[in-house]
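An overview of the molecular structure
Below are the chains, spelled out letter by letter.
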Amino acid sequence: MSDKRSGFARLMKSLASLKLAVIIMLGLSALIAWGTIVEARFDAEAARKLVYDTIWMEGALLMLAVSLIAVMVDRWPWKKKHAAFVLAHIGILFILFGGILTMKYGLDGQMTVEIGKSSRHVVLPMDTDLLVYASFGGANMTKLHEESVDYFRRPPTPEKPTRIRTDDGDIEFIDYKKYVLPSRKVVPTEEKAAGPGLRFQIQNPNVSVVEWLVQRQPDRPASHDFGPARIHLGTAPRQGSGHNEIWLTPLDDGRIHWTLFRRDSVKPAAAGITEEGGQVQTGWMGLELRVLRFYPKARENWDFEERPAPTPLTTSAVKLRFRDREQWILLNDTVRLFTDSTAYMVSYINRRIDLGFPVKLDEFQMIPYQGTSRAKEYKSRVQFPDQGPVEISMNEPGEYKGLTFYQASFQNDDQGRPIASVFSVNYDPGRWWKYLGSLIMSCGVVALFWMRRLYWPKPVGGG
Amino acid sequence: MKMKRWVLVAMMAVGAVFRAEAGVKTGEALRALPVQDGGRVKPYDTFAQETLNGIYGKKTYEGRDAWEIVLTWMLAPTVWADKEIFELRNKDLLSALGLDSSRRWFKGDEIFGKERFPELMQDLRARRESKEKLSPYFQDLQRLENQWFLFREMATGRLLRVLPPADGDTWIPVADLPAEAQPRFLEITQEFIARLSGVEGSPERLDRAVVAFEDFARARNPQLVPSKLHIATEIFYSDFHPFRWAYVAYLLGAVALLLFWSFNKNYFVTAAWVFILAGFLLNTVGFGLRVYLAGRPPVSNMYETVVWVAWGAVLFAMILEALYKTRLILLAGAITGWLALVVADSAPVVLDPSLQPLEAVLRSNYWLIIHVMTITISYAAFFLAFILGDVGLIYHLKNPRQHADKIRGVVNAIYRCMQIGVAFLAPGIILGGVWADYSWGRFWGWDPKETWALIVLLGYLAVLHGRLSGWIKDFGLLITAVVTFSLVIMAWYGVNFVLGAGLHSYGFGAGGVEYVGGFLFLHFLFVVYVWILHRSRAPSAR
């Protein structure tokens, strides 16, 4: 018994050792320095997942906490001269505790709201989910499966796939790429439920654009909006919407019916039939539309260029296998899989959390510095339920139901006009522990300056 | 009492320099003409210097001031087609364009007339669309594009915005001046040309034309034009170079102290105090002028923090010197202030001295200013400890036993500096957390800048704890003062210029890595050399 106790005392003594503390501090420094290098090489997510949110980091912080506690226990009973030292160390423990609370129970996500619309979802950019819906004929979709996956840390392989069972066989996820530059590819297919795909070129002496349109659902047209002109693939309406637009409607014989509307009238300006290789004179600014390729049944797939490190244009992708066919899905994209009786919708998306209330964006403003396009300030006017409008701007967050909404950034359309505001949405239960700890620690550190001297100006002993 | 007299002498010296520099000379009123550029209204003089520097890489051209040169681009662009004014130093770009890599300046046609040039621009556009980080090659190509843009826009009168609008806040460039303003501006250009050709009485007439135009502009929309005092202050600041005078004064102070040790005359110490106080005053005045001009404490880019650190290091040195009276602390302070300001003054590409409006994230935020100032002032204390470490190691090299007292004084000062640094850095990092929490919604996010500040803190805490545990003794403290400062260099400079990633990217630039790296490397060699000598000495001689 006494042996044991002396063993414990010895352990406490060595845990409280200053030399151990120095080693822990140097180890922690080296670890987080490595994190900054990973971030420079890749990105913040990689640094999080490879360094900061790992068992190594947790171990280092745990050792730090143990050492801080041990040294305070070791100095017990505390005397007056220990005040500064105890404050500094307790402060750090409080901050660490606050950090744990934030990590376990906090929320740190992003919310994008289009101007004039509302949203109730917060996206967590570092977490991903797999979702599978099925439709057995008709428009109703049933959720079959939902699963959190962390493919960044644990990618699937053909040997160890993620498997989702369906009545028509397994959907298997067999490969993952962290950083790919995608480019869309449309290929013809035999699947009955697939929609048509069409590649067109629109040009005049000044402009030439080539784009694909793929109609994914029979009741919803696929559209391309160039601002002054719109191209739609789908069933033409009787009346135009007051824009320059052309509707391309596939016919059963493989040809295409077109309907042209002008801005000044809701009645069709012209109509006709064309086919692959054909052209239509639109009469808008001398623009000519050519049908470069047409597939009555088309499927979208992605071509990739794999990258060693991320750029703002890269994304991640998973490969799935269903009934001997393989296909890639990009992050935050949905793929349709068809069998004779069923359509499956498979999504690989960032986790979305329903806040339980909508946030409406009335207005967004970007105020530039005089005579430039450099942003000076971003401002959003939003509405929370049962409240008047609230203004949220950089450095001036808004609060609702314990959540804090910060102005993070905004999104532009092709013409550079803002179309949506991006908020960072946050709940931090550890906040006050961190603030309190900070205050205590700062007092301790400053007090240590007075109490801990190397050589006293006059010899008064101690030190 | 004595102190008071020194302060007085120092202030009088500073005042004398001021008087010599104040005021714009006859024929130079044009320099004070308010123009809009880069998101603010500034004197034409500043605009001209920045534009000339952007194209030519210098603020004067063949001995002539920028304000005389830049306007002639607009008045006689064809003359300039034959002059070598476009600076291009990137060897890869020069060879891509098939240009002589031993030259530094080129005619516009030599670069932009090359068949390869449009292809390079295409590459640049493709690179930008890929949204990948631009390599130095592409950064320089981008600069070239900007040089061409600046010159063309200046030559066509679209760059120089001289007239405030009746509505809105975008000023009207010379090319689009309304009819009632045109003759007034024409007057300026005519007298300007007359002055250049030395016509008698033209300087006075030019001044009158400028004043008339400025009054006209001011009357059009008084709110958009800064006060005359503001404009005059900016010209004074740019002419006076307070930080240049400050480092001269610091250097003289350091020299005076060295003379004291050579000749052992006390009046050299007095002189050193006077010089250093004068330098500190100039440093303060320069800082104050920037606060007035920018309307905020100037700690938003590397240049401004270097100036702030010089100020802090000298302040800490003077306080510690007053407490411990070793004279070595004062010497170290003078050297630190001199070194920091010389570096700030000599690397305008890396440390941009121009006054820029703040990025949106940084605007109107009290916590931002506080946390940056607190953290960087801790770097001042560590910088001082670093120079003290050098001083101590030099004494160690000479003879540790003979100089035991001096080394002891230095070690004590280093320990105090480290304590001061930690006492500012720890709360500073926390204030940074408060700011991040307040404006981004998170207290800590492992952003490289904040992470490296934490690494610095942990590094110095490790040293202080190592000292307590007995691992680090006096000699060890000298060494760690020098070595640990490399962490500060990394946090302060390396994150922006070496790592170049993260949310703090608004302060990012490029260049100078080889010099900073060389500086650190030489110091490591020095430390290793002294350490080997220390080990080889008999223990009794240590």
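Every value quoted in this text rests on a predicted model; they were computed, and no experiment measured them. Each residue is numbered by its place in its chain's sequence as written, counting from 1. Here chains are named by letter from A upward and ligands by number from 1 upward, in the order in which they appear as written. In keeping with the model being predicted, local features are shown solely for residues with a pLDDT of at least 70 and side-chain atom pairs are shown and tallied solely at 80 or more, while totals for entire chains, interfaces and linings include all residues. As a rule here, side-chain values come from all non-hydrogen atoms in the structure, and water together with hydrogens is ignored.

**Things to note about the overall build of chain B**
The helix and strand inventory of chain B stands at 20 helices and 8 strands. Two things to know: the radius of gyration comes from C-alpha atoms, and the globule rule equals 2.2 Å times the number of residues to the power 0.38. A globule of 542 residues ought to have a C-alpha radius of gyration of about 24 Å, and chain B, at 26 Å, matches this closely. Projecting the C-alpha coordinates of chain B onto the three principal axes gives extents of approximately 85 × 60 × 50 Å. Buried means the residue's accessible area, taken with a 1.4 Å probe over protein chains only, is under 20% of the maximum for its type, while exposed means over 50%, and partly exposed covers the values in between. Expressed as a percentage of its 542 residues, the buried residues of chain B come to 55%. A separation of at least 24 residues holds for 68% of the contacts in chain B among residues at least 6 apart in sequence. Each accessible area is a Shrake-Rupley estimate made with a 1.4 Å probe; only the visible protein chains count as cover when residues are assessed. Surface summary for chain B: the accessible area is close to 23,100 Å², and the carbon and sulfur share equals 61%. Helical segments are the DSSP runs of H or I of at least four residues, strand segments are the runs of E of at least two, and each set is numbered from the N terminus. Residues are treated as being in contact if the distance between any of their heavy atoms lies within 4.5 Å.

**Considering the domain arrangement of chain A**
Taken domain by domain, chain A holds domain 1 (2-106 + 430-451), domain 2 (109-121 + 353-427) and domain 3 (197-295). Computed from C-alpha atoms alone, the centre-to-centre distance between domain 1 of chain A and domain 2 of chain A is 37 Å. For the purposes of this description, domain bounds are those given by an automatic or database domain assignment.

**Regarding helix 4 (residues 55-74) of chain A**
For a helix, the expected span equals 1.5 Å multiplied by the residue count minus one. In a regular helix each residue adds 1.5 Å, so 20 residues correspond to 28 Å; helix 4 of chain A covers 28 Å between its end C-alpha atoms and thus fits that length. Of all the positions in helix 4 of chain A, only M57(A), A60(A), L64(A), A65(A), S67(A), L68(A), A70(A), V71(A) and M72(A) are classed as buried.

**Concerning the packing of helix 17 (residues 404-440) of chain B against helix 19 (residues 474-499) of chain B**
Residue and element names in this part refer to chain B. Geometry is summarised by axes, namely lines fitted to C-alpha atoms with helices restricted to the contacting stretch, and by angles between N-to-C directions that run from 0 to 180 degrees. The interhelical angle for the contact between helix 17 and helix 19, taken along N-to-C directions, is 55°, at an axis separation of 10 Å. Taken as axis vectors, helix 17 and helix 19 run oblique relative to one another. Crossing geometry of helix 17 relative to helix 19 is assigned as left-handed. Each of I407, V410, V411, I414, Y415 and M418 in helix 17 lies in contact with helix 19, whose residues at this interface are D474, L477, L478, T480 and A481. Orientation labels follow simple angle bins: below 35 degrees gives roughly parallel, above 145 gives roughly antiparallel, 65 to 115 gives roughly perpendicular, and whatever is left gives oblique. Crossing chirality is assigned from the near helix's rotation relative to the far helix, an anticlockwise turn below a right angle marking it left-handed and a clockwise turn marking it right-handed.

**Some remarks on the interface of chain A and chain B**
Note: interface size is frequently given as the accessible area lost on complex formation between the parts. Contacts between the two partners involve 54 residues from chain A, matched on the other side by 64 residues from chain B. Summing the contributions of chain A and of chain B, the shared interface buries around 5,300 Å²; its carbon and sulfur component is 62%. When a carboxyl oxygen of Asp or Glu is within 4 Å of a side-chain nitrogen of Lys or Arg, the pair counts as a salt bridge. The partner of D437(B) in a salt bridge is R431(A), with the nearest N and O atoms 2.8 Å apart. Polar contact is the term for a pair of N or O atoms within 3.5 Å; when the atoms are in protein, one must be able to donate a hydrogen and the other to accept it, and sequence-neighboring residues count only if both atoms are side-chain atoms. For the interface between chain A and chain B, the tally reads 6 residue pairs in polar contact (both at pLDDT 80 or more). Elements with a minimum of two residues in the side of chain A that touches chain B: helix 2 (18-41), helix 3 (44-52), helix 5 (83-105), strand 20 (375-383), strand 24 (418-427) and helix 6 (431-451) of chain A. The biggest single contributor to the side of chain A that touches chain B is helix 2 of chain A, with 14 residues. The residue inventory of the side of chain A that touches chain B, partitioned by class, reads 29 nonpolar, 12 polar and 13 charged. A simple way to read buried area is as the amount of 1.4 Å-probe accessible surface that goes missing from two parts once joined, with both sides added. Any residue that is not Ala, Val, Leu, Ile, Met, Phe, Trp, Tyr, Cys, Pro, Asp, Glu, Lys or Arg is counted as polar, Gly included; the first ten are nonpolar and the last four charged.

**A short note on the pattern of salt bridges**
All names here are of chain B. All chains considered together, the criterion is met by 51 salt bridges over all chains. A salt bridge links D45 to R31; the shortest N-O distance between them is 3.1 Å. A residue pair is termed long-range when its members are at least 10 positions apart, and D45 in helix 2 (residues 44-56) and R31 in the loop between helix 1 (2-21) and strand 1 (34-37) qualify at 14 residues. For R31, a relative accessible area of 6% puts it in the buried group.

**Some points on the packing of helix 11 (residues 228-240) of chain B against helix 13 (residues 266-294) of chain B**
Residues and elements named next belong to chain B. As a packed pair, helix 11 and helix 13 sit with axes 10 Å apart at the nearest point and diverge in direction by 140°. Where helix 11 crosses over helix 13, the two elements pack in a sense that is left-handed. Facing L229, H230, T233, E234, F236, Y237 and F240 of helix 11, the residues of helix 13 in contact are L282, G286, L289, R290, Y292 and L293.

**Section: the nonpolar core**
Residue types Ala, Val, Leu, Ile, Met, Phe, Trp, Tyr and Cys, when buried and joined through side-chain atoms within 4.5 Å, form a set referred to as a nonpolar core. By size, the foremost hydrophobic cluster in this structure holds 176 residues, and its most contacted members are F173(A), Y379(B), F382(B), L388(B) and I414(B). Leaving out residues up to four positions away in the same chain, F173(A) has contacts with L130(A), Y151(A), P156(A), T157(A), P161(A), T162(A), I164(A), V318(A), K319(A), L320(A), I329(A) and V346(A). Counting residues in each nonpolar core, the second largest holds 59 residues, with L52(B), I55(B), L93(B) and F117(B) among its members.

**Things to note about the sheet that holds strand 10 (residues 245-250) of chain A**
All names here are of chain A. By definition, two strands form a pair when at least two bridges between them are found by DSSP. Ordered in space as 8-9-10-11-12, the 5 strands form an open sheet in which the pairing is mixed. Both outer strands of the open sheet, strand 8 (222-225) and strand 12 (268-274), are each paired with one neighbouring strand and no more. On average, each strand axis in the sheet is tilted by 15° relative to the strand beside it, whichever way the strands run. Pairing of strand 8 with strand 9 (residues 230-233) involves 4 bridges; the strand directions are antiparallel. Across the sheet, D225 pairs through a bridge with R230, a residue of strand 9.

**Things to note about the domain arrangement of chain B**
Looking at the assigned domains, one finds that chain B contains domain 1 (29-227) and domain 2 (241-541). Taking only C-alpha atoms into account, the centre of domain 1 of chain B sits 38 Å from that of domain 2 of chain B.

**Overview of the side chain of T480(B)**
Turning to its location among the elements, T480(B) is positioned in helix 19. In this view, T480(B) contacts M418(B), V463(B), I472(B) and F485(B); residues no more than four positions away in its chain are not counted.

**Let's talk about the pairing of strand 5 (residues 169-188) of chain A**
Residue and element names in this part refer to chain A. Two elements, strand 4 (residues 162-166) and strand 5, share 5 bridges in a ladder whose sense is antiparallel. Directly across from T166, in strand 5, lies its bridge partner G169. Two successive antiparallel strands, strand 4 and strand 5, enclose a turn made up of 2 residues. The pairing of strand 5 with strand 16 (residues 315-322) spans 7 bridges and is antiparallel. Looking at the pairing, E172 lines up with R321 of strand 16. Judged from the 9 bridges that link them, strand 5 and strand 15 (residues 298-306) form a sheet pairing that is antiparallel. Across the sheet, the residue bridging to R184 is W302, located in strand 15.

**Describing the pairing of strand 19 (residues 343-368) of chain A**
Residues and elements named next belong to chain A. Bridge count between strand 2 (residues 118-135) and strand 19: 14 bridges; the pairing is antiparallel. Paired with S119 across the strands is V359, a residue of strand 19. Looking at chain direction, strand 18 (residues 333-338) and strand 19 are connected through 6 bridges and run antiparallel. Counterpart to D333 in the pairing with strand 19 is Y348. A loop of 4 residues connects strand 18 with strand 19, the two strands running antiparallel in sequence. In the sheet, strand 19 pairs with strand 20 via 8 bridges, with the strands oriented antiparallel. Bridge assignment links E363 to a residue of strand 20, and that residue is R381. Two successive antiparallel strands, strand 19 and strand 20, enclose a turn made up of 6 residues, where G371 displays a positive phi of approximately 70°.

**As for helix 3 (residues 66-75) of chain B**
With respect to burial, helix 3 of chain B is a largely interior element, 9 of its 10 residues being buried. All of the buried residues along helix 3 of chain B are A66(B), W67(B), E68(B), I69(B), V70(B), L71(B), T72(B), W73(B) and M74(B).

**A closer look at the confidence of the model for chain A**
Detailed reading of the predicted coordinates is not advisable wherever pLDDT is low. When pLDDT is averaged across chain A, the result is 87; 95% of the residues are at 70 or more. Considering only residues more than four positions removed or in separate chains, one finds that residues 456-463 of chain A, a stretch of pLDDT under 50, has 7 contacts. Per residue, pLDDT measures the predictor's confidence, with a range of 0 to 100.

**Quick word on a nonpolar patch on the surface**
A patch consists of residues exposed above 30% relative accessible area that lack any salt bridge, with like charges linked at up to 9 Å and nonpolar side chains (Val, Leu, Ile, Met, Phe, Trp, Tyr) linked at up to 5 Å. Taken together, the side chains of L251(B), V255(B), L259(B) and F263(B) make up a nonpolar region of the molecular surface, amounting to roughly 330 Å² of accessible area. Tracing the chain through its elements places F263(B) in helix 12 (residues 242-263).

**Details of the sheet that holds strand 6 (residues 197-203) of chain A**
Strand pairing in a sheet is mediated by backbone hydrogen bonds. Such pairs are either parallel or antiparallel. All names here are of chain A. Strand order in this open sheet of 4 strands is 7-6-14-13, and the pairing throughout is antiparallel. In this open sheet, the two edge strands, each paired with only one partner strand, are strand 7 (208-214) and strand 13 (279-281). Within the sheet, the average angular offset between the axes of one strand and its neighbour, ignoring direction, is 20°. Inspection of the sheet shows strand 6 paired to strand 14 (residues 288-295) by 7 bridges, in the antiparallel sense. Within strand 14, the residue paired with F200 across the bridge is V291.

**Remarks on unusual backbone geometry**
Looking along the chain, the bond that leaves W76(A) and enters P77(A) is cis, with omega of -5°. Within the secondary structure, P77(A) sits in the loop between helix 4 and helix 5.

**Looking at empty space enclosed by the protein**
To find the voids left in a structure, one rolls a probe of water-molecule size over its atoms. Residue and element names in this part refer to chain A. Space inside and on the surface of the protein is sampled on a 1 Å grid over the protein atoms alone, with a cavity defined as a set of points where a 1.4 Å probe fits but cannot get out and a pocket as an open set with protein on both sides within 12 Å along at least 5 of 7 lines; lining residues have an atom within 4 Å of a point. Grid points are joined across faces, edges and corners, and a volume is the space filled by probe spheres set on the points. According to the stated counting rule, one finds 2 cavities of 30 Å³ or more in the structure shown. Contributing to the lining of the second largest cavity are 18 residues, with R216, R299, E300, V335 and R336 lying nearest its centre. Counting only elements with at least two residues in the lining of the second largest cavity, the list comes to strand 15, strand 17 (325-330) and strand 18. A breakdown of the residues in the lining of the second largest cavity according to their chemical character gives 7 nonpolar, 5 polar and 6 charged.

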